[in-house]
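If you want the building blocks of each chain, they are given just below.
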There are 2 protein chains.
Amino acid sequence: MRIELPREVERLGAVRFGGLQKVFELDSGLKGPPTDEQFSTMYQIPYEALYEIEKDMAIIVPVRNERLKLVEGVLCGIPHPCLIIVVSNSQRQPVDRFTMEKDSLETYCRFVKKHALIAHQKDPLLAKAFQEAGYTSILRQNGEIRDGKAEGMIVGTILAWLAGKKYVGFVDADNYFPGSVEEYIREYAAGFVISRSPYAMVRIAWHSKPKIAESKLFFRKWGRTSANTNRLLNRLISYYHGFETELIKTGNAGEHALTVDLARYLDYSAGYSIEPYHIINLIEKFGGINESPFPDVMKDGVEIFQIESRNPHLHEAGDKEHVNEMSYVAMQVIYHSPVCPERLKREILREMVLRKFLSTKEKPPRPHRFPALTSIKAESFLKNIASAPYERLITEGLL
Amino acid sequence: MRIELPREVERLGAVRFGGLQKVFELDSGLKGPPTDEQFSTMYQIPYEALYEIEKDMAIIVPVRNERLKLVEGVLCGIPHPCLIIVVSNSQRQPVDRFTMEKDSLETYCRFVKKHALIAHQKDPLLAKAFQEAGYTSILRQNGEIRDGKAEGMIVGTILAWLAGKKYVGFVDADNYFPGSVEEYIREYAAGFVISRSPYAMVRIAWHSKPKIAESKLFFRKWGRTSANTNRLLNRLISYYHGFETELIKTGNAGEHALTVDLARYLDYSAGYSIEPYHIINLIEKFGGINESPFPDVMKDGVEIFQIESRNPHLHEAGDKEHVNEMSYVAMQVIYHSPVCPERLKREILREMVLRKFLSTKEKPPRPHRFPALTSIKAESFLKNIASAPYERLITEGLL
């Protein structure tokens with residue numbers, strides 16, 4: 001992969017936000033002879049370097065009733081060295097879709113000769129393990145793990161951590177192009193190759209998103225939701241800097257990856273607010289505005305990479321409600337953050353009313369939150385899931 | 001890349017047609033420790049092996065007034081070790097699109113630090129070089145090189161050969177997904193890794209081709225043209241074998257690659273008939289039905305690989321006429337082949353009339369043909385293009 005250096009950087013406390021990086025070659029080859037790259041503004045990241053990162057990376061695929069054909073395509077795009085972790089919240093009745101997914105994954109793994117993990121989000125063993133770790137915010141009153149993609153992502157992150165992986169990346173199960181799944185993962189790896197801190201995050205900005213307009217494809221650059229979320233996040237950073245910025249382009253980046261060390265220190269927010277909340281929570285915890293609960297991280301710093309993918313993003317079409325919901329919850333997490341200045345709060349409120357999310361008298365709700373995963377102890381968690389088939393794969397080091 | 005063995009093979013004389021091969025992993029990693037793969041039905045082709053082939057491969061991109069954004073995306077999908085050869089037949093007036101393409105390619109090459117070739121199909125130097133080589137079938141009466149993609153492909157093949165490359169692969173300039181361009185090229189390389197003959201060809205069958213139907217995407221597996229061409233080619237092979245076969249799935253494969261040795265021995269057919277004619281001409285020359293003009297090739301054999309790509313093929317939409325034309329010319333080259341049995345000829349004629357390509361009294365035209373490139377001598381060709389900017393790149397071995 002050949003990728004440019006971020007041309008701009010915004011620093012807020014210990015957090016270093018890199019500007020959007022453009023990709024010039026999806027495959028830049030193997031390591032060449034050493035050259036004088038001291039003043040180069042471009043990284044040539046050889047395949048070997050990506051490979052080394054991928055060996056330590058788990059790719060988490062949250063699944064919920066997606067068509068198996070699509071999921072199989074996604075699997076095929078995941079580079080071999082990566083550990084695949086499927087966290088399914090698919091229905092089990094009247095048709096047991098989870099069993100179908102499991103079968104399909106097992107067949108795939110037999111063909112490609114590697115092990116993978118698959119867990120159902122409603123597995124009572126997992127619920128019990130979270131319960132005993134005191135991590136109850138992920139549980140419903142009845143003791144089950146809550147529905148939702150954020151919850152599945154947390155389950156996957158924990159499994160990746162237990163399996164000893166250093167990086168977790170997320171890809172959606174409804175992507176039509178295996179090649180773009182592969183591209184996202186290679187970009188995650190590229191970010192971690194470049195990164196100098198153990199606390200790093202890579203967020204993908206889609207090159208474009210084809211829309212069907214008048215029986216033709218039109219390649220839109222920014223969805224309305226993304227544009228809105230990015231604008232508000234940039235306002236927040238501008239407020240602290242006194243300089244206007246447009247640097248944040250990945251406020252809603254579903255495609256993202258983190259070092260496991262960073263993933264364990266972050267708080268999470270439910271539903272579509274998980275991605276914009278990453279940025280908010282990083283500013284809250286490491287932005288130097290409030291005291292950091294993890295002073296060690298402050299020393300190393302946190303690096304955010306934003307990479308513009310080359311492939312258009314073509315996935316199963318969402319509905320309009322979903323789009324509005326994304327916009328609304330992104331505004332909620334910004335609004336409720338202690339680092340959100342009053343002026344921005346008022347602006348967000350006005351916009352919520354204008355877009356009819358709220359009446360003038362209401363206050364916006366606050367999305368459900370999950371604290372950092374640091375309270376979870378590996379040994380006890382593993383003991384609780386000892387009878388799950390994937391536990392053996394983890395403890396026997398087969399992954 | 002992890003790819004299955006062809007499960008079926010059809011042999012006709014020295015030609016070995018492999019059945020469609022499915023891809024299981026786009027990226028299967030680096031070379032692992034040696035394993036006992038004696039009875040494996042799957043090839044794990046490590047990145048290094050693809051890389052070695054790609055170093056000897058030229059990727060030819062025929063361009064004709066495509067949008068630059070699209071062409072730039074295609075370039076970005078071409079793996080670094082491959083030589084890029086753009087053969088443009090774009091307009092030069094009132095806007096000189098060729099100069100724009102040249103600028104764009106040069107900028108790209110500066111960023112990715114490699115040399116590439118770009119030539120215009122109407123370059124009088126090229127025309128003169130063909131003229132002096134006695135290869136006049138590519139020329140119009142006025143001495144210019146003819147219009148057409150097949151002609152551009154021949155020009156590209158000659159340049160690849162002059163540059164000392166062992167393989168030529170073709171990709172279209174109107175592909176929306178750089179990731180699928182990359183996939184095709186990796187599949188070309190995979191075929192050549194597997195191949196044991198210096199005379200090999202790789203043809204891609206698209207996994208699917210998204211169509212817009214009622215404002216939604218529908219993933220069609222086979223277009224009507226492909227289905228028709230494949231059926232007729234399979235009928236031809238079945239005739240000689242006495243067993244019905246459905247093996248040929250890539251009769252119209254625009255995405256294909258050849259060893260330069262094979263490319264130089266084949267005849268070519270103009271327009272959309274170039275791809276089905278590959279198969280016809282292989283049977284004519286090496287199928288053991290007529291005496292082969294190249295007995296050396298008969299000894300080594302010719303291998304055809306058909307690989308099913310994983311990414312859907314999404315390109316600029318063609319019109320209906322184009323689709324009919326493709327079907328019609330494919331029938332023409334089969335009809336006019338000396339290896340086409342009378343029975344199949346009658347059937348093709350009937351279908352042409354039925355589909356209103358012909359009246360009952362007419363005979364189908366025969367597409368323009370180009371003989372094998374073996375008559376062209378490198379030294380004289382290079383001398384003729386000595387003043388072209390790309391000649392220096394070739395003779396100085398910079399590619």
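Residues numbered from 1 in each chain as written. Chains lettered and ligands numbered in written order. Predicted model: local features only at pLDDT ≥ 70, side-chain atom pairs only at ≥ 80, totals over all residues. Heavy atoms only, no water.

Brief notes about the pairing of strand β9 (residues 199-205) of chain A
All names here are of chain A. This is how the line gets drawn: Residue burial is assigned from relative accessible area. The probe radius is 1.4 Å, only protein chains are included, and a residue is buried under 20% of its type maximum, exposed over 50%, and partly exposed in between. Starting at the N terminus, helices and strands are each numbered in turn, a helix being any DSSP run of H or I of at least four residues and a strand any DSSP run of E of at least two. Any two strands between which DSSP finds at least two bridges are classified as paired.
Within β9, seven of the seven residues are buried, which leaves the element mostly enclosed by the surrounding structure. Residues Tyr199, Met201, Arg203 and Ala205 of β9 are buried on one face, and the alternating residues Ala200, Val202 and Ile204, pointing to the opposite face, are buried as well. Note that β9 and strand β14 (residues 302-308) share seven bridges and pair parallel. The partner of Met201 across the bridge, within β14, is Ile304. With three bridges connecting them, β9 and strand β12 (residues 256-259) associate as antiparallel partners. Within β12, the residue paired with Val202 across the bridge is Ala257.

Remarks on the interface of chain A and chain B
Reports often express the size of an interface as the amount of accessible area lost when the parts come together. To keep things clear, this is the line we draw: Contacts between residues were defined by any pair of non-hydrogen atoms, one from each residue, lying within 4.5 Å. A quick way to say it: buried area is the sum, across both parts, of accessible area lost when two parts are put together, with a 1.4 Å probe. When a carboxyl oxygen of Asp or Glu lies within 4 Å of a side-chain nitrogen of Lys or Arg, that pair is called a salt bridge. Distance and chemistry together define a polar contact, namely a pair of N or O atoms within 3.5 Å, with one atom able to donate a hydrogen and the other to accept it when in protein, and with adjacent residues in sequence counting only for side-chain atoms on both sides. Each residue is assigned to one class: nonpolar for Ala, Val, Leu, Ile, Met, Phe, Trp, Tyr, Cys and Pro, charged for Asp, Glu, Lys and Arg, and polar for all the others, Gly among them.
With 44 residues of chain A at the contact, the number on the chain B side is 44 residues. Summed over both sides, the interface between chain A and chain B buries roughly 3,900 Å², with carbon and sulfur atoms accounting for 64% of that surface. Among the residues of chain A in contact with chain B, Asp27, Tyr47 and Phe177 of chain A are the three that bury the most area, contributing 15% of the side total. Summed over the shared surface of chain A and chain B, the number is two salt bridges. A salt bridge links Arg186 of chain A to Glu182 of chain B; the nearest nitrogen and oxygen atoms lie 3.0 Å apart. Taken together, chain A and chain B are joined by 20 residue pairs in polar contact (both at pLDDT 80 or more). Within the side of chain A that touches chain B, the residues separate by chemical class into 22 nonpolar, nine polar and 13 charged.

Some remarks on the pairing of strand β7 (residues 117-120) of chain B
Residue and element names in this part refer to chain B. For clarity, the cut-off: Whether a crossover is right-handed comes down to one check: with the strands pointing away from the viewer, does the path from the first strand over the helix to the second run clockwise; if it does, it is right-handed.
By the alternation rule, side chains of β7 split into Leu117 and Ala119 and Ile118 and His120, which are all buried. Sheet topology places strand β6 (residues 83-88) next to β7; four bridges connect them, and they run parallel. Residue pairing across strands places Val87 opposite Ala119, the latter belonging to β7. Taking the sense of rotation as the criterion, the β-α-β connection linking β6, helix α3 (residues 97-112) and β7 turns out right-handed.

In short, shape yes, function no, at least from these values alone.
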